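In case you want the letters, here they are:
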Amino acid sequence: MPSMVSSRNESSYILNQIIISPSDADYLDQLIPSIKEYSIGNRTSQLLQSLSRFAGDKEAEIETICNTHHQEFVSSVNQLLRIREGTVSLTGEILDLNQSIQSSTEKLAEQKKVLVESRSHRQNIDETLRAIQDCLEVLRLANQVHDLLAKKNHYAALRALEELQNVHLKGVTQYKIAEMIQRSVPTTQKAIAEAVMSDLNTWLYRIREMSQYLGEIALYHTDLRKTRQKERVERLPYLGHFKLNSAIELVSDEHEEYDLLQNEELQVDFTPLFECLHIHQSLGQMDKFRIEYANTRRRQKELLVPASITLIDEDGASLHNLLEEMAGFAIVERSTMKRIPDLRSPIDVDELWDSLCQTAVHLISQSLHEVDNAESILKIKNLIALFMQTMNAWDFQVPVFDNFLLVLFGRYAELLKKRFSDDFQEIVSTDDYMPMPIQTLEEYDKVLNVSWYTPEKSREEQAFPCVLPFSQMYPLCCIDIRNFLNQFYFFANDDFSHSDVIDETLKDALDELLSDKVCDTLVERLSSQYLGQIVQILINLEHFEHACYELEILLAAARSQGSTSGSTALNATEKFRSNKKAAEKRIFEVVNSKIDDLVETAEYDWTASSPPIEPSNYMQTLTRFLSNIMNSTLLGLPTEIKELIYFDALSHAADTILALPLAPDVKRINTNGIMALAKDVEYLHHFVDSLGVPILRENLDELQQTVQLMQADNTDEFYDISTRNKKYGRVDAINGPILLEKVTRAPENVIKNDKFPTLSSRFGKRS
């Protein structure tokens, strides 16, 4: 029983699930598992029974419902029939309406088709319009690029081209115009590059045109800086140790800072260069631009240097122009390098600068032979030095010009030597060789200021007019020497670094001028027979020797502290000293020659019949001559030289007079002849005594003792050594017997002397 109940409940549950299934699919989904389940358990019949029973129950239920509501069902059927009639009629109407709607729908469909087609055309039109607008925008931008290019807005044109290429063309890539414009982009870029290069070339041309003016301003302001530095040195001498462009000078001059490229007189705008550089960087053509710019500047450098220049034009315009062009060109290069390091490297700028310097120095050297004036050379040097200082301020090295200054100095020294050589030659050759007369104190001061001369009297004690010992040539040569020194040191200011070369060259030049043009010329004139001229030459030589000593001191003081030159001794000093001896010797020769001439006029009658009344004329003339040269001609000589000349002259006069009786043609000398000679010797002795120089008397000792021997009554004393040394010690041992042999006495003396052997035989025995 329990199993039957449970089976029923289970069957009921399955039926309920099948009935309440919302659809046939769900109904089958519920039925199929139940059939499988009952089949497995051999309960299919039970399932069929349940279903049959369920169907019967439902039919009974329906029949009961129908029996209960039959009348209502009939009325409902009637109503349904009526409704069906109305439905049929409505169906007809609906069919009519449907037919009408169908015809309307066909029309609407046609209209919709037309509308759809029109909408498609409209869309196509809109798309075409948008495409045209996009293309027009591209064309507008392309035209704008060319408009900007025409207006020289190169960078804006390049930016517009990049925007066109990178933005706008991407929206119209499907159109052929995009391809056309894309193909034209390189051409447009090239056009922009060429246009900006054209503007840059115009800028470079203008820079080249203003280079000279830029250089002129640079040199001018360097000169102003030198002037300001000089003024500061005058106020504070310590600053003289610092040259132009030194740190101290630059700091001292800070308040005078001047922008050479941006000022009231000149403005150098680098905008075209920056724009060109920026555009080439944007185009990725920086290397190409750098090479092209370098080539352009190199060509401009070559155009800057002329084929030749002249150094003898008015105001040195040709050299000025060259150096100013170079300065302006180099300053622009240095400024470009500082502003754009990627464009111009220091090596590029320095190589170009070195090439420019080499070419300029070669040009100047070729024209240097034209200059025959030392002042012109000095102007050239000062201009080059100013140029060097200007370029040093811009960090340009100038060793080529520094070395060229040595060449320039060589030419300068050569011209100076030639000019002063001619001046010295003229001064020495046109001198009157007379002591220099001074009329006024002013003239006296001028001579003392220019010459190296220390007078014996003080300035206050000096009376005018007066006569200075040297001739006019000496102060004139001193003036030229001082000018020569000044001219040399004009070259050796703070912008010339080879002071030792100047020191050595100056020393050699002075030596050459003083030795060759002064000393040698004076020595040549010693051949004169005019004693006064020879004496004056000696005096001049004395003063020139003193001047050389002073010059040696002056040259040593003028040498720079760092000079490596050797001694400052002048060879001319020794040459003047040695030639003083030659002048003294020449004076001796002339004086002795004059003495010879005077003594030759002596007319002794060695066998005169009567004694002389007065000294011989030649002796009076001789003493007068010696007196005159002592009081006039030799007056300017130092005392020791005068005494030496007098000593030699008197010694020579004594020897010459003594030679008169010793002459071979004098065979006999009587007492009157001896008295004539004795009177002349006595006259000469008195003259020497009047000079007040005791040492001069010694020159007459031999002559006096010889005359005394000739006058002696007892000549045998001469042959007695002891007596001879006391009385006739200065008499020559050979000349004495010869003269005694010639002396003839009065008859009584002769008889008296017959007691003695002849002089010759006696002398022979003694010998």
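Residues numbered from 1 in each chain as written. Predicted model: local features only at pLDDT ≥ 70, side-chain atom pairs only at ≥ 80, totals over all residues. Heavy atoms only, no water.

- The protein chain is annotated in an unreviewed UniProt entry as Exocyst complex component SEC15 from Aspergillus candidus.
- What UniProt states about the protein chain under its Function (unreviewed entry) heading is, verbatim, "Component of the exocyst complex involved in the docking of exocytic vesicles with fusion sites on the plasma membrane." (UniProt positions renumbered as here; feature names shortened; annotations may be inferred.)

### Notes on the overall build of the protein chain
Phase 1: Counting secondary structure elements, the protein chain contains 26 helices and 2 strands.
Phase 2: Residues classed as buried in the protein chain amount to 40% of the 767 residues present.
Phase 3: When contacts within the protein chain are restricted to residue pairs at least 6 apart in sequence, those whose partners lie at least 24 apart make up 76%.
Phase 4: Of the roughly 42,700 Å² of accessible surface on the protein chain, 53% is carried by carbon and sulfur atoms. (Helix = DSSP H or I, 4+ residues; strand = E, 2+ residues; numbered from the N terminus. Buried < 20%, exposed > 50% of the residue type's maximum accessible area, 1.4 Å probe, protein only. Contact = heavy atoms within 4.5 Å. Areas by Shrake-Rupley, 256 points an atom, 1.4 Å probe, with all protein chains shown as cover.)

### Quick notes on the packing of helix 10 (residues 317–339) against helix 12 (residues 374–393)
Between two packed helices, the angle of one axis relative to the other and the distance separating the axes together describe the packing.
Phase 1: Where helix 10 meets helix 12, the axes come as close as 11 Å, and the angle between the chain directions of the two elements is 5 degrees. The pairing of helix 10 with helix 12 is recorded here as roughly parallel in orientation. Note on element contacts: helix 12 touches helix 10 through Ile380, Leu383, Ile384, Phe387 and Met391, opposite Leu319, His320, Leu323, Met326, Ala327, Ala330 and Ile331.
Phase 2: A per-class count over the contact of helix 10 with helix 12 returns 11 nonpolar, 1 polar and no charged. (Axes fitted to C-alpha atoms, helices over the stretch in contact; angles between N-to-C directions. Parallel < 35°, antiparallel > 145°, perpendicular 65-115°, else oblique. Nonpolar A, V, L, I, M, F, W, Y, C, P; charged D, E, K, R; others polar.)

### A few points about the confidence of the model for the protein chain
Any segment with low pLDDT has predicted coordinates that should not be analysed in fine detail.
Phase 1: Residues of the protein chain with pLDDT of at least 70 account for 81%, and the chain-wide mean is 79.
Phase 2: The lowest-confidence element of the protein chain is helix 26 (residues 759–766), averaging 34 in pLDDT; the highest-confidence one is helix 11 (residues 346–367), averaging 90.
Phase 3: Contacts for the low-pLDDT stretch residues 1–5, under 50 throughout, to residues beyond four places or in other chains number 0 contacts.
Phase 4: Low confidence marks residues 746–767, where pLDDT is under 50. Its contacts with residues over four positions away, or in another chain, come to 17 contacts. (pLDDT = per-residue confidence, 0-100.)

### So, the environment of Glu324
Phase 1: Its place among the elements puts Glu324 in helix 10.
Phase 2: By relative accessible area, Glu324 is classed as buried at 8%.
Phase 3: Considering only alpha carbons, one finds Glu324 and Ser211, 113 residues apart in sequence, at a separation of 7.3 Å.
Phase 4: Leave out the neighbours within four places in its chain, and Glu324 touches Ser211, Gln212, Gly215, Glu216 and Leu219.

### Details of the pattern of salt bridges
Phase 1: Across all of its chains, the model carries 20 salt bridges by this definition.
Phase 2: The shortest N-O distance in the salt bridge between Lys580 and Glu545 comes to 2.8 Å. With Lys580 in helix 18 (residues 571–600) and Glu545 in helix 17 (residues 531–558), this residue pair connects regions lying 35 residues apart in the sequence.
Phase 3: For Lys580, a relative accessible area of 12% translates into the label buried.
Phase 4: Using a relative accessible area of 6% as the deciding quantity, one classes Glu545 as buried.
Phase 5: In the salt-bridge network here, residues are joined through shared partners; they are Glu542, Glu545, Glu574, Arg577 and Lys580. (Salt bridge = Lys/Arg side-chain N within 4 Å of Asp/Glu carboxyl O.)

### Describing the state of the cysteines
Phase 1: As enumerated under the stated definition, the model contains 0 disulfides in all.
Phase 2: This cysteine, Cys548, is not joined by any disulfide, and Cys519 carries the nearest cysteine sulfur, 8.5 Å off.
Phase 3: Using a relative accessible area of 1% as the deciding quantity, one classes Cys548 as buried. (Disulfide = S-S within 2.5 Å.)

### Remarks on the packing of aromatic side chains
Phase 1: Under the counting rule described, the total for this entry stands at 18 aromatic pairs.
Phase 2: On the basis of an interplanar angle of 65 degrees and a centroid distance of 5.2 Å, the ring pair of Phe387 and Phe401 is categorised as edge-to-face. Taken as a pair, Phe387 in helix 12 and Phe401 in helix 13 (residues 399–429) lie far apart in primary sequence, 14 residues in all.
Phase 3: On the accessibility criterion, Phe387 (0% relative accessible area) is buried.
Phase 4: According to the relative accessible area criterion, Phe401 is buried, its value standing at 0%.
Phase 5: Between the aromatic rings of Tyr412 and Phe488, the centroid separation amounts to 6.5 Å while the plane-to-plane angle is 65 degrees, which identifies the pairing as edge-to-face. Residue Tyr412 is located in helix 13, and its partner Phe488 is located in helix 15 (residues 473–491); the two are separated by 76 residues in the primary sequence. Each member of the pair Tyr412 and Phe488 is classed as buried. (Phe/Tyr/Trp six-rings, centres within 6.5 Å; stacked < 30°, edge-to-face > 60°.)

### A word on helix 12
Phase 1: Helix length check: helix 12 (20 residues) gives 29 Å between terminal C-alpha atoms against 28 Å at 1.5 Å per residue, within 8%.
Phase 2: Counting buried positions along helix 12 yields 14 of 20 residues, so the element is predominantly enclosed.
Phase 3: Two or three places before Glu375, at the opening of helix 12, Asn373 has a side-chain oxygen 2.8 Å from that residue's backbone nitrogen.
Phase 4: A positive phi of about 65 degrees marks Asp395, the residue just after helix 12. (Expected span 1.5 Å × (residues − 1). Polar contact = N/O pair within 3.5 Å; in protein donor to acceptor, adjacent residues only side chain to side chain.)

### With respect to the side chain of Asn540
Phase 1: Tracing the sequence through the fold places Asn540 in helix 17.
Phase 2: Judged by relative accessible area, Asn540 falls into the buried class, the value being 0%.
Phase 3: Aside from chain neighbours lying at most four places away, what touches Asn540 is Asp431, Tyr433, Phe470, Ser471, Met473 and Leu522.

### Remarks on unusual backbone geometry
Phase 1: The omega angle of the peptide bond from Phe464 to Pro465 is 0 degrees, so this bond is cis rather than trans.
Phase 2: One can find Pro465 in the loop between helix 14 (441–450) and strand 2 (466–468).
Phase 3: Phi angles above zero are rare outside glycine, and Asp395 is one such case at about 65 degrees.
Phase 4: Position of Asp395 among the secondary structure elements: in the loop between helix 12 and helix 13.
Phase 5: We note that Tyr433 has phi near 50 degrees; this positive angle belongs to a residue other than glycine.
Phase 6: Mapped onto the secondary structure, Tyr433 falls in the loop between helix 13 and strand 1 (436–438).

### Focus on empty space enclosed by the protein
Phase 1: Under the counting rule described, the total for this entry stands at 1 cavity of 30 Å³ or more.
Phase 2: By volume, the largest cavity is sized at about 40 Å³.
Phase 3: Every residue along the wall of the largest cavity is listed here: Phe329, Ala330, Glu333, Val349, Leu352, Trp353, Leu356 and Phe396.
Phase 4: Of all the secondary structure elements, the ones that give two or more residues to the lining of the largest cavity are helix 10 and helix 11.
Phase 5: At 4 residues, helix 11 tops the list of elements feeding residues into the lining of the largest cavity.
Phase 6: When its residues are assigned to classes, the lining of the largest cavity shows 7 nonpolar, no polar and 1 charged. (1 Å grid on protein atoms, 1.4 Å probe; cavity = no way out; pocket = protein on both sides within 12 Å on 5 of 7 lines; lining within 4 Å. Points joined across faces, edges and corners; volume = space filled by probe spheres on them.)

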